[in-house]
Amino acid sequence: MTSLLGGRSGAGGDRSLGHAPQLCAAAAAAVSAVVLLIWFIDQPLLDSFSPGPGTMKVNSALAFILLAASLVVRNAVAVTILVGTTAAAAVASLLEYLFSFDLGIDELLVRDVLTAEAGAPGQMSPVTAVCLVLLAGARFAHQSGRWRTAELLVTPALVVGALALLGYLFQVEQFYTVVRYATVALPTAVALVLLSLGIACSVPDGTVSWAARDRGAGATLVRHMFPVAVLVVPLLGVLPVLGVYTDVFGERYSVALMVAASAAVLMAVTAVAARRLDRIDRERLAAQDGLRQVNDRLRERRDLEWRRAEELSRSLGEERARYQRAISKIDDLIWTVEVMPDGELRPEFTSGDASGLFGGEQPDRDRRARTIPNLVHPDDRGLLAAFDDKIRQGVPAEVELRLVGYDDVVRWAWVRATPRRERNQLFADGISTNVTERHQLAERRENLLALEQEQVRKLKQLNQLREELLAVTGHELRTPLAVILGYAELLLQEDDLNDGQRRHLEVMANRSRQIVLLVEDIFDLAKFSAGL
């Protein structure tokens with residue numbers, strides 16, 4: 001019985017308790033099978049088991065075997081059939097007693113010649129029938145998970161079986177006989193105790209499980225006192241009875257001997273249990289002290305971690321404040337969006353000041369993040385849609401588009417985004433820069449380039465006119481100069497010229513030659529400019 005309650009070791013207790021229901025069921029089935037075999041072979045042999053009419057009947061043996069089988073099988077349907085059959089047989093026997101009729105089930109297999117003259121041949125005792133109904137109900141409750149109900153139903157059957165065993169041990173008929181023909185036979189009492197313990201052992205976290213597994217002082221005391229109460233005390237009680245029956249010593253001496261032996265055993269067991277409880281208490285105190293030290297270390301570590309967390313939180317707050325101050329000094333819009341599973345771009349962060357990009361009086365950050373897509377110029381919303389598609393695909397993206405600000409001023413924005421992944425989430429960090437001035441400079445450069453091209457064209461036209469003028473002027477000057485120079489040279493050949501005339505004609509001829517050389521130089525310059 002000590003092994004059934006788990007012994008000293010917790011691990012050993014778990015193993016013994018795990019097989020205890022099957023062991024109890026096997027023992028009860030073995031007792032019932034022996035009785036059933038004797039019924040078929042030699043019925044008078046049953047008289048040796050119990051005095052009077054207290055004989056375990058065939059129906060009782062079969063019911064105990066079915067109930068024992070329900071503790072072994074694992075199939076829920078099979079358990080229901082076995083327990084239901086047991087309960088039906090017990091209820092049928094009770095109905096026969098209550099209404100005094102015969103259902104024909106008592107001598108269905110074997111004719112009862114032992115109790116035929118005493119009446120109700122083959123009929124199980126009503127006390128046995130009630131106990132079988134209680135055990136069947138306990139097994140049903142256990143099968144459906146109602147553990148407390150199972151323990152409550154098992155207790156009366158266990159008490160009846162234990163009292164009957166004590167009655168047979170001390171020959172006290174009142175313990176196993178309620179009224180005549182309501183006797184609990186010795187095999188029946190053994191089967192009741194075994195099956196009651198088997199069902200009780202199978203209840204998780206029940207009284208038996210607690211006594212077997214728990215390492216506390218109460219369970220330890222129960223494990224020490226249980227063998228004394230179940231085995232030692234009854235055996236000590238048998239000694240005086242044997243002494244009186246054998247005339248070895250008198251009744252008073254027997255009682256005194258039993259009291260002294262019981263006191264000695266109880267003192268010894270109490271001393272052993274007390275030492276064990278003291279050791280458990282010391283272990284508990286040591287464990288509490290160790291736990292207190294561990295808690296102190298954990299508390300110190302927790303306080304240290306809290307201080308570190310506070311320092312990190314303060315540092316993070318300072319860094320965030322510096323970051324906010326830094327980004328508040330720039331006109332660019334810094335933002336972060338999360339790509340949701342349905343493709344929605346949910347704003348996570350936007351910088352505080354973006355007046356340089358949107359102008360005018362701006363709403364709060366959340367409302368601004370929602371209204372930014374509506375500020376895109378209608379002609380550029382296709383560019384924004386393509387930009388968003390790249391973000392959803394997790395690739396870098398950039399675009400230049402126009403924004404109609406809160407002040408209705410159109411500005412150019414250069415938007416860039418870089419994707420990043422955190423665990424299974426996709427984010428995109430971006431920056432939007434006002435590039436309106438750059439676009440204005442580009443427009444001015446285009447205008448200046450067009451103006452320069454127009455001036456070059458006009459210069460080409462002027463050069464062409466100049467060349468034409470030079471050509472016409474040179475041609476028109478050469479002819480009259482050649483005539484003047486020719487006539488001057490002819491006049492200089494005359495002999496009747498005086499000095500004054502000859503001097504005037506030479507001046508005219510020299511000047512004409514200088515003009516001709518100048519015209520030739522102009523022609524050469526015109527040819528050089530024309531590339532000739």
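Small disclaimer: the values here were computed from a predicted structure and weren't measured.

Comments concerning the overall build of the protein
Right, so step 1: When its secondary structure is counted, the protein shows 15 helices and five strands.
Right, so step 2: Out of the 532 residues belonging to the protein, those deemed buried represent 33%.
Right, so step 3: The contacts in the protein between residues at least 6 apart in sequence include a share of 60% that link residues at least 24 apart.
Right, so step 4: Accessible surface for the protein amounts to roughly 32,100 Å². Of this, 61% is attributable to carbon and sulfur atoms.

Observations regarding the packing of helix H4 (residues 126–143) against helix H5 (residues 147–170)
Right, so step 1: It is the contact of H4 with H5, at a shortest axis distance of 8 Å, that shows an interaxial angle of 160 degrees. One element, H4, and the other, H5, form an angle in the roughly antiparallel class. For the pair H4 and H5, the sense of crossing is left-handed. Counted together, Val127, Cys131, Leu134, Leu135, Gly137, Ala138, Ala141 and His142 of H4 and Trp147, Thr149, Ala150, Leu153, Val154, Pro156, Ala157 and Val160 of H5 form the full contact between these two elements.
Right, so step 2: Looking at side-chain class alone, the contact of H4 with H5 contains 13 nonpolar, three polar and no charged residues.

Let's talk about the packing of aromatic side chains
Aromatic rings considered in pairs are described by the distance between their centres and by the relative angle of their planes.
Right, so step 1: What the rule picks out here adds up to zero aromatic pairs.
Right, so step 2: The ring of Trp414 carries the charged tip of Arg416 above its face, separated from the ring centre by 3.9 Å.
Right, so step 3: The lysine or arginine in question, Arg438, covers the ring of Trp414, its NZ or CZ lying 5.7 Å from the ring centre.

Re the pattern of salt bridges
Right, so step 1: In total, this model carries 16 salt bridges according to the counting rule given.
Right, so step 2: Across the salt bridge formed by Asp296 and Arg299, the nearest N and O atoms sit 2.8 Å from each other. Remark: Arg299 and Asp296 occur in helix H10 (residues 251–328); sequence separation between them is three residues, near one turn of the helix.
Right, so step 3: Taking relative accessible area as the criterion, Arg299 reaches 39% and is therefore assigned partly exposed.
Right, so step 4: Close ionic contact of Arg346 with Glu338 constitutes a salt bridge, the shortest N to O distance being 2.5 Å.

Structural notes on the sheet that holds strand E3 (residues 397–404)
Right, so step 1: Judged by pairing direction, the sheet is antiparallel, and its five strands sit side by side in the order E2-E1-E5-E4-E3 without closing on themselves. Either end of the sheet is taken by a strand with one partner, and the two such strands are strand E2 (345–350) and E3. Adjacent strand axes in the sheet meet at a mean angle of 30 degrees, parallel and antiparallel pairs treated alike.
Right, so step 2: Here strand E1 (residues 333–339) runs beside strand E5 (residues 425–434); their pairing, made up of seven bridges, is antiparallel.

Description of the layout of surface pockets
Rolled over the atoms, a probe sized like a water molecule indicates the empty space that remains.
Right, so step 1: Space inside the second largest pocket adds up to approximately 540 Å³.
Right, so step 2: Around the second largest pocket sit 25 residues that line it, and Val337, Ile372, Pro373, Leu384 and Asp388 are the ones nearest its centre.
Right, so step 3: Going through the elements one at a time, E1, E2, helix H11 (355–358), helix H13 (381–393), E3 and strand E4 (410–422) are the ones with two or more residues in the lining of the second largest pocket.
Right, so step 4: Take the lining of the second largest pocket: its biggest share by element is five residues, from H13.
Right, so step 5: Across the lining of the second largest pocket, the residue classes break down as 20 nonpolar, three polar and two charged.

Notes on the nonpolar core
In a soluble, globular protein the nonpolar side chains are often hidden away together inside.
Right, so step 1: Phe64, Leu132, Leu135 and Leu195 are the most contacted members of the largest nonpolar core, which totals 43 residues.
Right, so step 2: Not counting the four nearest positions on each side in its chain, Leu135 is found in contact with Leu67, Val154, Ala157, Leu192, Leu195, Ser196 and Ile199.
Right, so step 3: Judged by nonpolar contacts, the second largest core, of 21 residues, contains Leu333, Val339, Val399 and Leu426.

Topic: the pairing of E2
Remember that side chains alternate between the two faces of the sheet whenever the strand is regular.
Right, so step 1: Here E1 runs beside E2; their pairing, made up of five bridges, is antiparallel. Looking across to E2, one finds that Trp335 is bridged to Thr350.
Right, so step 2: Taking the residues that link successive antiparallel strands as the turn, the E1-E2 hairpin has five residues, and the phi of Gly343 there is positive, at about 90 degrees.

Each value, and the rule that gives it
- Think of each chain on its own: its residues are numbered from 1, step by step along the sequence as written.
- With pLDDT at 70 or above as the cut-off, local features in this predicted model cover only qualifying residues; side-chain atom pairs require 80 or more to be listed or tallied, and sums for whole chains, interfaces and linings still use all residues.
- To obtain the side-chain values, all non-hydrogen atoms of the structure were included, while hydrogens and water were left out.
- Per the convention used, a helix needs a DSSP run of H or I reaching at least four residues, while a strand needs a run of E reaching at least two, with both numbered from the N terminus.
- Note on exposure labels: buried denotes an accessible area under 20% of the residue type's maximum, exposed denotes more than 50%, and partly exposed covers the range between, all computed with a 1.4 Å probe on protein chains only.
- Every residue pair with non-hydrogen atoms within 4.5 Å of one another is taken to be in contact.
- Only the protein chains shown count as cover for residues, and all accessible areas are computed by the Shrake-Rupley method using a 1.4 Å probe.
- Lines fitted to C-alpha atoms define the axes here, with helix axes fitted over just the stretch in contact, and angles between the N-to-C directions of these axes take values from 0 to 180 degrees.
- Roughly parallel means an angle under 35 degrees; roughly antiparallel, over 145; roughly perpendicular, 65 to 115; everything else is oblique.
- It is the rotation of the near helix from the far one that decides the hand of a crossing: anticlockwise by less than a right angle makes it left-handed, clockwise makes it right-handed.
- Polar here means any residue other than Ala, Val, Leu, Ile, Met, Phe, Trp, Tyr, Cys and Pro, which are nonpolar, and Asp, Glu, Lys and Arg, which are charged; Gly is therefore polar.
- Between the rings of Phe, Tyr and Trp (Trp by its six-membered ring), a pair exists once the centres lie within 6.5 Å; its type follows the angle of the planes, with under 30 degrees stacked, over 60 edge-to-face, and the other angles tilted.
- Sitting over a ring, as applied to charges here, requires NZ of Lys or CZ of Arg to be within 6 Å of the ring centre and within 35 degrees of the ring normal.
- Salt bridges, as used here, are contacts in which a Lys or Arg side-chain nitrogen is within 4 Å of a carboxyl oxygen on Asp or Glu.
- For two strands to be treated as a pair, DSSP must find at least two bridges joining them.
- Here a cavity denotes a set of grid points, spaced 1 Å apart and computed over the protein atoms alone, in which a 1.4 Å probe fits but from which it cannot get out, and a pocket denotes an open set meeting protein on both sides within 12 Å along at least five of seven lines; residues with an atom within 4 Å of a point are reported as lining.
- Grid points are joined across faces, edges and corners, and a volume is the space filled by probe spheres set on the points.
- Definition of nonpolar core: a set of buried residues of the types Ala, Val, Leu, Ile, Met, Phe, Trp, Tyr and Cys, connected through side-chain atoms within 4.5 Å.

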